[in-house]
Amino acid sequence: MLRDLYSRPVKDLRISVTDRCNFRCTYCMPLDEYEWIDKKEILSFEEITRLARLFIQLGVEKIRLTGGEPLVRRDIESLVAELSRLEGLKDLCLTTNGSLLAEKAGALQAAGLRRINLSLDTLDPDKFRRMTKRGDLEKVLEGLFAAQAQGLGPIKINAVVERGVNEDDILPLVEFSRENGFAIRFIEYMDVGNSNNWTSEKLVAKKEILEIVNARYPVREVGRAEGSAPSVDYQFVDGRGELGVVASVTEPFCSNCTRARLTADGKLVTCLFSSVGHDLKSLLRTGSPDETILEFITGVWTKRKDRYSADRLEALQSSTYDPRTHKKIEMITLGG
Ligand code: SAM
Ligand code: SF4
Ligand code: SF4
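Residues numbered from 1 in each chain as written. Chains lettered and ligands numbered in written order. Predicted model: local features only at pLDDT ≥ 70, side-chain atom pairs only at ≥ 80, totals over all residues. Heavy atoms only, no water.

## Regarding helix α6 (residues 170–180)
Move 1: All buried positions along α6 are accounted for by Ile170, Leu173, Val174, Phe176, Ser177 and Arg178.
Move 2: Positive phi appears at Gly181, one or two residues downstream of α6, with a value of about 80°. (Buried < 20%, exposed > 50% of the residue type's maximum accessible area, 1.4 Å probe, protein only. Helix = DSSP H or I, 4+ residues; strand = E, 2+ residues; numbered from the N terminus.)

Structure (structure tokens):
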């Protein structure tokens, strides 16, 4: 089995299908304009499907479609249909801001999508608009319930928690999720990309998130799915609903990180905080046979030694961490 320098296999592939997004969440993509990937550089659905098949041969079991906003990519359901037919793939999921989901849920379900994750950080329409700069909460909720009606589940709601912005939304989001049959997952605010002006003061740590939830709705820890998932999961003691916390900053999970990323322009990226990617598109577009591409991916993965979050925690603890000293690929390019 293919393993990296810390003996981590490649099991998950996050595919960014576009770097465009119709929102401008302040913690992710706060600027109006970025250096967008040129249209002709974006991988076609055939190219993505071919690479997905090769990654599956190397051990990938789960694929997540992401971006940017995956539903702004035209005809995304055709890609879902192709991927859902791939032999050996155990799980196909899509992460969305939900804004186009009301229109797309039926087609996605018919194409073979089984589940979605939806990002939702507040239930207050004005704050929602402020946090996403362009989003309409009502449209997102409509999309969320349309997906549920189509049976695209279990649905997880992802909420990034930012100090001074939405800590007071933690309990309303828990209540909303429990009442409506969604799992809720809180994500520590991270220093992704280069433009969100992250500081450790904006972080609400897992410990504090749990204290807030536990004081009102007691929970018991279940652990990480398959021992390697980013989220630590909890059950509510009263048996109603599920909670997860992704503590990338305060409890890094690099030692079990089995995730590879494919950018919309065909670069293989081995860490969310990488500064460079490895060009697969050139191999695809110069007629390389499968064996050559498999060898290239194997070469990259066997040399992988990423552990950015683990190193960051050490630097934060010794007060030597400055996120600006490390230039990263934007999250919209490499897929969150
Ligand atoms: N547009 C889709 C969405 O929002 O769900 C998919 C792409 S988005 C980059 C994927 C996930 O990354 C979202 O759940 C989002 O909340 C999360 N994310 C973005 N910026 C983040 C940050 N600074 N810290 C933690 N999570 C972040
Ligand atoms: Fe767009 Fe998702 Fe980033 Fe928000 S988190 S700006 S919806 S890509
Ligand atoms: Fe994986 Fe990099 Fe995140 Fe660590 S920092 S868990 S290696 S993506």
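## Looking at the site of ligand 3
Move 1: Near ligand 3 you find Phe253, Cys254, Cys257, Arg261, Cys271, Leu272, Phe273, Asp306, Tyr308 and Ser309, and these make up its full shell.
Move 2: Here the residues of the shell around ligand 3 are counted per class, giving seven nonpolar, one polar and two charged. (Near = heavy atom within 4 Å. Nonpolar A, V, L, I, M, F, W, Y, C, P; charged D, E, K, R; others polar.)

## Observations concerning the pattern of salt bridges
When the charged atoms of two side chains with opposite charge come close together, those side chains can pair.
Move 1: Counted by the stated rule, this structure contains 26 salt bridges.
Move 2: Between Arg163 and Glu208 there is a salt bridge; the shortest N-O distance is 2.7 Å. You can see Arg163 sitting in the loop between β5 (156–161) and α6 and its partner Glu208 sitting in helix α7 (residues 206–216), a full 45 residues away along the chain.
Move 3: By relative accessible area, which is 32% here, Arg163 ends up partly exposed.
Move 4: Taking relative accessible area as the criterion, Glu208 reaches 28% and is therefore assigned partly exposed. (Salt bridge = Lys/Arg side-chain N within 4 Å of Asp/Glu carboxyl O.)

## Examining the sheet that holds strand β3 (residues 91–96)
What links the strands of a sheet is backbone hydrogen bonding, and the strands pair in either a parallel or an antiparallel sense.
Move 1: In space, the 12 strands of this open sheet follow the order β7-β8-β9-β6-β5-β4-β3-β2-β1-β10-β11-β12, with mixed pairing throughout. Looking at strand neighbours, the two that pair on one side only are β7 (219–223) and β12 (278–279), the edges of this open sheet.
Move 2: Contacts between helix α1 (residues 45–57) and the sheet are confined to β1 (12–16), β2 (62–66), β10 (259–262) and β11 (267–269), with β1 contributing the most and set at about 170° to the helix.
Move 3: Strand contacts of α6: β5, β6 (183–188) and β8 (231–236), with the helix running at about 155° to β6, the strand carrying the most contacts. (Pairing = 2+ DSSP bridges. Contact = heavy atoms within 4.5 Å. Axes fitted to C-alpha atoms, helices over the stretch in contact; angles between N-to-C directions.)

## Considering the pairing of strand β4 (residues 115–119)
Move 1: Burial analysis of β4 places four of its five residues in the buried class, which makes it a mostly covered element.
Move 2: As paired elements, β3 and β4 share four bridges and run parallel to each other. From the neighbouring strand, Leu94 faces β4, where its bridge partner is Ile116.
Move 3: One crossover worth recording links β3 to the parallel β4 by way of helix α3 (residues 101–111), and it is right-handed.
Move 4: Of the pairings in the sheet, the one linking β4 to β5 comprises three bridges and is parallel in character. (Right-handed = clockwise from strand over helix to strand, strands pointing away.)

## Re the site of ligand 1
Move 1: Within the structure, ligand 1 sits among 20 residues, and Tyr27, Gly68, Glu69, Ser119 and Met190 are positioned closest to it.
Move 2: One nitrogen or oxygen atom from the main chain of Gly68 is found 3.0 Å from a nitrogen atom belonging to ligand 1.
Move 3: For ligand 1, an oxygen atom lies 3.3 Å from a polar atom in the backbone of Thr96.
Move 4: Summarising the interface, the protein chains cover 94% of the accessible area of ligand 1, which totals 550 Å² for the free molecule.
Move 5: Elements that contribute at least two residues to the shell around ligand 1 include exactly β3, β5 and β6.
Move 6: Class assignment for the residues of the shell around ligand 1 results in eight nonpolar, 10 polar and two charged. (Polar contact = N/O pair within 3.5 Å; in protein donor to acceptor, adjacent residues only side chain to side chain. Areas by Shrake-Rupley, 256 points an atom, 1.4 Å probe, with all protein chains shown as cover.)

## Regarding the packing of aromatic side chains
Each aromatic ring pair is characterised by the separation of its centres together with the angle its planes make.
Move 1: Scanning the entire structure with this criterion turns up seven aromatic pairs.
Move 2: On the numbers, 5.8 Å between centres and 55° between planes, the contact of Phe145 with Phe182 is tilted. Taken together, the residues span a long stretch of sequence, with Phe145 in helix α5 (residues 137–149) and Phe182 in the loop between α6 and β6 at a distance of 37 residues.
Move 3: Of the residues examined, Phe145 reaches a relative accessible area of 32% and is grouped as partly exposed.
Move 4: Aromatic rings pair up to connect Phe145, Phe176 and Phe182 into one cluster.
Move 5: The ring of Phe236 carries Arg178 above its face, with NZ or CZ at 4.7 Å from the centroid.
Move 6: The ring centre of Phe273 lies 4.8 Å from the NZ or CZ of Arg312, which sits over that ring. (Phe/Tyr/Trp six-rings, centres within 6.5 Å; stacked < 30°, edge-to-face > 60°. Lys NZ or Arg CZ within 6 Å of the ring centre and 35° of its normal.)

## Comments concerning unusual backbone geometry
Move 1: Here Gly153 and Pro154 are connected by a cis peptide whose omega angle stands at -5°.
Move 2: Within the secondary structure layout, Pro154 lies in the loop between α5 and β5.
Move 3: You will see that Asp75, though not glycine, has its phi angle at about 65°, which is positive.
Move 4: Locating Asp75 in the fold gives a position in the loop between β2 and α2 (76–84).
Move 5: For Asp75, a relative accessible area of 37% translates into the label partly exposed.
Move 6: Positive phi, close to 65°, is recorded for Lys133, a residue that is not glycine.
Move 7: In this fold, Lys133 is placed in the loop between α4 (125–132) and α5.
Move 8: Take Lys133: its relative accessible area is 39%, and that puts it in the partly exposed class.

## A few points about the nonpolar core
Move 1: Of all hydrophobic cores here, the largest spans 100 residues; its most connected members are Ile63, Leu65, Leu120 and Phe186.
Move 2: Element by element, the count of residues in this core is highest for α1, at seven residues.
Move 3: If we skip the residues at most four places from it in the chain, Phe186 touches Ala159, Val161, Ile170, Leu173, Val174, Ile209, Val213, Leu243, Gly244, Val245 and Val246. (Core = buried A, V, L, I, M, F, W, Y, C linked by side-chain atoms within 4.5 Å.)

Purely spatial values, then, with no claim about function.
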